[in-house]
Protein chains: 2
Amino acid sequence: MSSKIKIAILGLGTVGFGVYDIIKNSEYMKSVEIKKILDKDLSKKDIIKGTQLVTNYQDIINDEEIEIIVETMGAGEFSYRCIKEALLAKKSVVTANKEVIALHIAELSKLKAENNVSLLYEASVGGGIPIIYPLFEIVKINEVNEIKGILNGTTNFILTQMFQNDMSFSDSLKLAQEKGFAEADPTADLEGLDMVRKIAILSSIAYKGEIDINSIDHFGITKINDVDLVNIKKMGLVLKLIASSKRIIDKVSLMIEPSLVKTNDVFSTVNEENNIISVNSSINGNLKFSGKGAGRYPTANAIVNDIIAIIEKRKNYTFENINNLKADYLNDMDKYYFRLKENEVIADKYIEKKEKDYLITKEISREEFKKIVEKAEFYAKFMR
Amino acid sequence: MSSKIKIAILGLGTVGFGVYDIIKNSEYMKSVEIKKILDKDLSKKDIIKGTQLVTNYQDIINDEEIEIIVETMGAGEFSYRCIKEALLAKKSVVTANKEVIALHIAELSKLKAENNVSLLYEASVGGGIPIIYPLFEIVKINEVNEIKGILNGTTNFILTQMFQNDMSFSDSLKLAQEKGFAEADPTADLEGLDMVRKIAILSSIAYKGEIDINSIDHFGITKINDVDLVNIKKMGLVLKLIASSKRIIDKVSLMIEPSLVKTNDVFSTVNEENNIISVNSSINGNLKFSGKGAGRYPTANAIVNDIIAIIEKRKNYTFENINNLKADYLNDMDKYYFRLKENEVIADKYIEKKEKDYLITKEISREEFKKIVEKAEFYAKFMR
């Protein structure tokens, strides 16, 4: 039927194919036609019968019939340019691209408003977990003061193997790669960069201002070893890589840190590739959302729901950029586990407990922490 | 300004006043005017300066300026009639009334569609937790096969005091009443009726068919005693009152039961007046939502968000009533804890472990369970 709503998908990778597959097989999506798909690999033609595969983005941008562009390439600069061009051409955009949204949320939100189209990115954080839309809802009448989350499926999968199945870090990473949870180059995941982008997006929405992602401290899990694993288990705790974001008036503090979690804490129950996001707000109190944070279908599901929302004219994120936010540290005092580099020592006054191969600090300020962490091979913060 | 959107609130109780308060104090709600409030107690005039207090619903129904009616009386038949009249008068309705929605979801959904208005009820389940809208989103492209939840703040508060603070059932209930979490007559909460209504609403949406709430088995926590408390603690488990709902093709099974939860299960971490809802679906896998399930402001917050959604023409629940559902039991085999009534015995073949004052069954069918539970004073199911 010519009355179908025509869309295009950019990139037929894991998520892009998931979107294609759901649309093709869902009764609810029968009013939608995937008219064109952008992919460099023309051999993929065989798996998308009836849809035109193109290699030049202009074939899509110049197609006036196409109303919605689904960006699932996950590229940096090129994805950004494609999204921008789409909005300027008055096409709505759905994307899972956390890098682009984290860096350009204010500019792209302005552009979509000026062109009177939609820009939705539910899939950019938490895979299949609905969090972006609920957060835009919450901030309408609440002040958000804290967000905490396990936002990366790869690292959580690895830590689950280590802490539940007694596997080493390298074996866990290998298994994650075999299962498709970790990329060939897993650096962005393991060092916390992926979570930097995600907590920046959530914080930008929550605090109504752009966050400079370069100001976010992050320490990943690449340096964890078997000694740490044994030490942490002995303490009866579990290690999780946790993103945290706090706000006091116009001061915000964002970081990604290995964190020691008690076994009666809900964060300790979030395992494998699952994610959790906890949001504290003034009227609503604490809300938590959890589910699969990675994988083809949960992510594609979030994208398809965004496509539906555009067609039904329901969701519309109104990004307010009204706060001048400085990433800084609040006056929190925290306790830390440290395994120091060889021949390094720290002053006794900071130490609560010292063992052969690790130490636990008293509650110290972030400034004190900053000095000590330079001498450390690995650390983890005791979560409150 | 005469361009303000005019609404009316029915009932200025705990939640109704919360809605009034948020609207009056929120920048985002400045385009909304609460024109009239229905309440029998005219002395409340003093606390709602500038808003007209009326005692006759016809004063609201006949007011053509009023576009949205917020029903927070929590009554049965009278609330139902008010909602119906409002829809027929082409006014949109927002309600927290789980009883009315559970009983009349199909009829009222049809009525609102015919009159081309909105009917939103996010606050009817889970207080401030967004679950109704996400569930309507999920079912568009997913098949839901299971929902589980701690859906009642009162009973969860009481069980938390018993299991974490070593309080007796009666002291816990008293504390809940003092804190305003339990009503003067707490029967509907304690015996699981409140949860019956909530799981019926979620199941109706999830499985796209009306659920006969009389077909839902429920066993509350009024019969728990100190012996049970000691026994369950000795097993290293925690007791939670849990609603469960499963579907296999056109067969559904719904029940509310005291359930024994392991301490590494996320349900054991949901304490005090908090709720959790877990939804399993075909594409998205398992999603969990948790937060404050009771209390003036979280509930009022959900209602205010629904008002905003109507004004911004965003949310619109499309309730599909396409399945002929029979509440029945699936072939699940489960283990149970039983404390029998005096002089009652059950056949040895069902028993895995027998102690002086309780017994634990082998895995038994629901039919076998049904026969045994008649002889029991209290029971709890071992949660998988």
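For the structure, check the block above.
On a predicted model such as this, the values are computed, not experimentally measured, just so you know.

J.: Hey, could you go over the sheet that holds strand E5 (residues 92–95) of chain A for me, with residue numbers and the actual values?
T.: Residue and element names in this part refer to chain A. Pairing is parallel in the open sheet, where 6 strands are placed in the order E3-E2-E1-E4-E5-E6. Bordering the open sheet on either side are strand E3 (52–54) and strand E6 (119–120), each of which pairs with just one other strand. One ladder, built from 2 bridges, connects E5 with E6; its direction is parallel. From the neighbouring strand, Val93 faces E6, where its bridge partner is Leu119. Relative to E5, helix H3 (residues 77–88) is tilted by about 150 degrees, and along the sheet it contacts strand E1 (5–10), strand E2 (32–38), strand E4 (66–71), E5 and E6.

J.: Which residues make up the pattern of salt bridges, and what are the values?
T.: All chains considered together, the criterion is met by 58 salt bridges over all chains. Arg314(A) is the partner of Glu137(B) in a salt bridge, and the nearest nitrogen-oxygen pair spans 3.0 Å. Of the two residues, Glu137(B) is situated in helix H5 (residues 132–141) and Arg314(A) in the loop between helix H11 (296–311) and strand E13 (326–327); the pairing between them involves two chains. Residue Glu137(B) shares its accessibility class with Arg314(A), and that shared class is buried. For Lys246(B), the salt bridge goes to Asp332(B), with nearest N and O atoms at 2.6 Å. With Lys246(B) in strand E9 (residues 237–248) and Asp332(B) in the loop between strand E13 (326–327) and strand E14 (336–340), this pair connects stretches of sequence that are 86 residues apart. Salt bridges sharing common partners tie together Asp217(A), Glu257(A), Asp334(A), Arg366(A), Lys370(A), Lys381(A) and Arg384(A).

J.: I'd love a proper account of the interface of chain A and chain B, names of residues and values included.
T.: On the side of chain B, 39 residues touch chain A, which itself brings 39 residues to the contact. Here chain A packs against chain B, burying approximately 3,100 Å² in sum over the two surfaces, 55% of which is carbon and sulfur. Contact with chain B buries area across many residues of chain A, yet Lys140(A), Ile141(A) and Arg314(A) alone supply 22% of it, more than any other trio. Put simply, chain A and chain B have 4 salt bridges between them.

J.: Residue-level account of the side chain of Thr160(A), with values.
T.: Residue and element names in this part refer to chain A. Tracing the backbone through its elements, the reader meets Thr160 in helix H6 (residues 153–164). The class of Thr160 is buried, set by a relative accessible area of 1%. With residues near it in sequence (within four places) discarded, Thr160 still touches Asn165, Lys240, Asn271 and Glu272.

J.: Explain the side chain of Glu257(B) to me, using residue names and the numbers behind them.
T.: Residues and elements named next belong to chain B. Looking at the secondary structure, you find Glu257 in strand E10 (residues 251–262). In terms of polar contacts, Glu257 uses its side chain to reach the side chain of Tyr379, at 2.6 Å. Here the side chain of Glu257 touches Lys381 through a polar contact of 2.8 Å, side chain to side chain. In this structure Glu257 touches Phe219, Lys240, Leu241, Ile242, Tyr336, Arg366, Phe369, Tyr379 and Lys381, once residues within four positions along its chain are discounted.

J.: Give me the lowdown on the packing of helix H3 (residues 77–88) of chain B against helix H4 (residues 98–114) of chain B, citing residues and values where you can.
T.: Residues and elements named next belong to chain B. Look at H3 against H4: their axes get within 10 Å of each other, and the N-to-C directions meet at 10 degrees. The angle between H3 and H4 falls in the class roughly parallel. Two secondary-structure elements touch here, H3 through Ser79, Tyr80, Ile83, Lys84, Leu87 and Leu88 and H4 through Val100, His104, Glu107, Leu108, Leu111 and Lys112. Here the contact of H3 with H4 is composed, by residue class, of 7 nonpolar, 2 polar and 3 charged.

Criteria and thresholds
- Residues numbered from 1 in each chain as written.
- Chains lettered and ligands numbered in written order.
- Predicted model: local features only at pLDDT ≥ 70, side-chain atom pairs only at ≥ 80, totals over all residues.
- Heavy atoms only, no water.
- Pairing = 2+ DSSP bridges.
- Helix = DSSP H or I, 4+ residues; strand = E, 2+ residues; numbered from the N terminus.
- Contact = heavy atoms within 4.5 Å.
- Axes fitted to C-alpha atoms, helices over the stretch in contact; angles between N-to-C directions.
- Salt bridge = Lys/Arg side-chain N within 4 Å of Asp/Glu carboxyl O.
- Buried < 20%, exposed > 50% of the residue type's maximum accessible area, 1.4 Å probe, protein only.
- Buried area = accessible area lost by both parts, 1.4 Å probe.
- Polar contact = N/O pair within 3.5 Å; in protein donor to acceptor, adjacent residues only side chain to side chain.
- Parallel < 35°, antiparallel > 145°, perpendicular 65-115°, else oblique.
- Nonpolar A, V, L, I, M, F, W, Y, C, P; charged D, E, K, R; others polar.

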